[in-house]
Amino acid sequence: MTDASDASSQDTFISHLIELRTRLLRAVAAVLGIFVVLFIYPGPSMIYDLLAQPMLASLPQGTRMIATGVITPFMVPIKVTLLASFVLALPVVLYQAWAFVAPGLYRHEQRLALPLIISSTLLFLLGMAFCYFVVFHTVFSFIAHFAPQSITPAPDIEAYVNFVLTMFIAFGVTFEVPIAVILLVKTGMVTVKKLREIRGYVIVGAFVLAAVVTPPDVLSQILLAAPLCLLYEIGILAGAALEKRKPAEDQDEADSARELSRTDEPSGESGD
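Residues numbered from 1 in each chain as written. Predicted model: local features only at pLDDT ≥ 70, side-chain atom pairs only at ≥ 80, totals over all residues. Heavy atoms only, no water.

- Under an unreviewed UniProt entry, the name given to the protein is Sec-independent protein translocase protein TatC, and the source organism is Castellaniella daejeonensis.
- Check the Subunit (unreviewed entry) section of the UniProt entry for the protein; it says "The Tat system comprises two distinct complexes: a TatABC complex, containing multiple copies of TatA, TatB and TatC subunits, and a separate TatA complex, containing only TatA subunits. Substrates initially bind to the TatABC complex, which probably triggers association of the separate TatA complex to form the active translocon."
- Under Function (unreviewed entry), UniProt gives the following word-for-word description of the protein: "Part of the twin-arginine translocation (Tat) system that transports large folded proteins containing a characteristic twin-arginine motif in their signal peptide across membranes. Together with TatB, TatC is part of a receptor directly interacting with Tat signal peptides." (UniProt positions renumbered as here; feature names shortened; annotations may be inferred.)

## Examining the overall build of the protein
At step 1: Looking only at helices and strands, the protein features 10 helices and zero strands.
At step 2: Its helices and strands in sequence order give the protein the pattern α-α-α-α-α-α-α-α-α-α, from N to C terminus.
At step 3: Each of the 272 residues in the protein was classed as buried or not, and the buried ones make up 35%.
At step 4: For the protein, the exposed surface amounts to about 17100 Å²; the carbon and sulfur share of it is 68%. (Helix = DSSP H or I, 4+ residues; strand = E, 2+ residues; numbered from the N terminus. Buried < 20%, exposed > 50% of the residue type's maximum accessible area, 1.4 Å probe, protein only. Areas by Shrake-Rupley, 256 points an atom, 1.4 Å probe, with all protein chains shown as cover.)

## Remarks on helix H7 (residues 177–186)
At step 1: Among the 10 residues of H7, seven are classified as buried, and the element is accordingly described as predominantly covered.
At step 2: Among all positions in H7, only Val177, Pro178, Ile179, Val181, Ile182, Val185 and Lys186 are buried.
At step 3: At the C-terminal side of H7, Gly188 shows a positive phi close to 80°.

## As for the packing of helix H3 (residues 72–88) against helix H6 (residues 157–174)
At step 1: Between H3 and H6, whose axes approach to 10 Å, the crossing angle comes to 15°. With respect to H6, the axis of H3 lies roughly parallel. Note that H3 runs across H6; the crossing there is left-handed. Every residue of H6 that contacts H3 at Thr72, Pro73, Val76, Lys79, Val80 and Leu83 is listed here: Ile157, Glu158, Val161, Asn162 and Leu165.
At step 2: Classifying every residue of the contact of H3 with H6 gives seven nonpolar, two polar and two charged. (Axes fitted to C-alpha atoms, helices over the stretch in contact; angles between N-to-C directions. Parallel < 35°, antiparallel > 145°, perpendicular 65-115°, else oblique. Left-handed = near helix turned anticlockwise from the far one by under 90°. Contact = heavy atoms within 4.5 Å. Nonpolar A, V, L, I, M, F, W, Y, C, P; charged D, E, K, R; others polar.)

## Examining the UniProt feature "transmembrane region" (unreviewed entry) in the protein
At step 1: Sites flagged by UniProt as "transmembrane region" (unreviewed entry) map to residues 24–41, 82–101, 122–147, 159–186, 198–216 and 222–242.
At step 2: Segment residues 198–216 splits into 79% helix and 0% strand. End C-alpha atoms: 27 Å apart.
At step 3: With 100% helix and 0% strand, residues 222–242 has end C-alpha atoms that lie 30 Å from one another.

## Here's the deal with the environment of Ile203
At step 1: The topology assignment puts Ile203 in helix H9 (residues 199–213).
At step 2: As a C-alpha pair, Ile203 and Tyr232 span 29 residues in sequence and 9.2 Å in three-dimensional space.

## Considering the layout of surface pockets
At step 1: Its volume calculated, the largest pocket comes out at about 720 Å³.
At step 2: As for the largest pocket, its lining consists of 22 residues, of which Leu83, Ala84, Val87, Met128 and Phe168 are closest to the centre.
At step 3: Each residue belonging to the lining of the largest pocket can be placed in one class, and the counts come to 22 nonpolar, no polar and no charged. (1 Å grid on protein atoms, 1.4 Å probe; cavity = no way out; pocket = protein on both sides within 12 Å on 5 of 7 lines; lining within 4 Å. Points joined across faces, edges and corners; volume = space filled by probe spheres on them.)

## A look at unusual backbone geometry
At step 1: A cis amide bond links Tyr41 to the next residue, Pro42, at an omega of 10°.
At step 2: Position of Pro42 relative to the elements: it lies in the loop between helix H1 (2–40) and helix H2 (44–58).

## Overview of the pattern of salt bridges
At step 1: One pass over the full model with this rule turns up two salt bridges.
At step 2: Among the salt bridges present, the one from Arg23 reaches Glu19, with a minimum N-O distance of 2.8 Å. Of the two residues, Arg23 and Glu19 both sit in helix H1, four residues apart, roughly one turn of that helix. (Salt bridge = Lys/Arg side-chain N within 4 Å of Asp/Glu carboxyl O.)

## Here we look at the nonpolar core
At step 1: With 50 residues, the main nonpolar core has Tyr48, Met65, Phe136, Tyr160 and Phe168 as its most contacted residues.
At step 2: For this core, the secondary structure elements donating two or more residues are H2, H3, helix H5 (107–146), H6, H7, helix H8 (192–197), H9 and helix H10 (218–264).
At step 3: Excluding residues within four positions of it along the chain, Phe136 makes contact with Pro54, Cys131, Ser141, Phe163, Val164, Met167 and Phe168.
At step 4: In terms of nonpolar packing, the next biggest core, distinct from the first, is built from five residues, Trp98, Ala99, Ala102 and Ala113 among them. (Core = buried A, V, L, I, M, F, W, Y, C linked by side-chain atoms within 4.5 Å.)

## Here's the deal with the side chain of Ser85
At step 1: Summarising the element assignment, Ser85 is placed in helix H3.
At step 2: A distance of 3.3 Å separates the side chain of Ser85 from the backbone nitrogen of Phe35, its partner in a polar contact.
At step 3: Not counting residues within four places of it along the chain, the set of residues in contact with Ser85 comprises Val31, Ile34, Phe35 and Leu38. (Polar contact = N/O pair within 3.5 Å; in protein donor to acceptor, adjacent residues only side chain to side chain.)

Here is the structure:
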């Protein structure tokens, strides 16, 4: 009996590994497929030029960016194109992750998981868009006007890409704050009342975090800390709405558990 149980557990574990491999391969295939399309059109050079536009707009007339490495002019656009492919394939990647864990979730959790995946994707992209269209324009213009007249800025493209990626990740993750707050409330790790009580600490922490991940100027720190505080408040409002629905979901979970227990019970004693 024990051997049969162990064999069944091993088969289940192997089937989970196969399922995980399948989901990972589909996610990688989506990223690589989009990369091939972007490589053909519009091409890595045009994609990099689009990424560099906020910096180029703030440079003096006739000034261009430079590349100090031998293969940097080739590798940096390829890197940017690959990252753009991952961002565009993010809905597929997150869906594959959701499809892998969905069978182990309750019905109300499944109903919540898919909207969370969609909203987290949109919020991350919104954070990147805010960084590109608002933060970069403001920060680069500020730096260009602050620089002495005796200096001619000529940023290195690799350093620029590393800076841009750091800012994209910082703002993308920052815009995920409402999702994090909702998950904390949903799992019962913290209550909305407690979140409101620690609001002051969160505001201070937001400015400290902004000072660490952004350039050393007050303007960029404010541009990161202010959305972080606002999104925290949005998360509290969403968490409060979720708390009101929690009793009904608990009842749904209890009903599902009772239904499952009745299914597992023997149908009746067999006759002699």
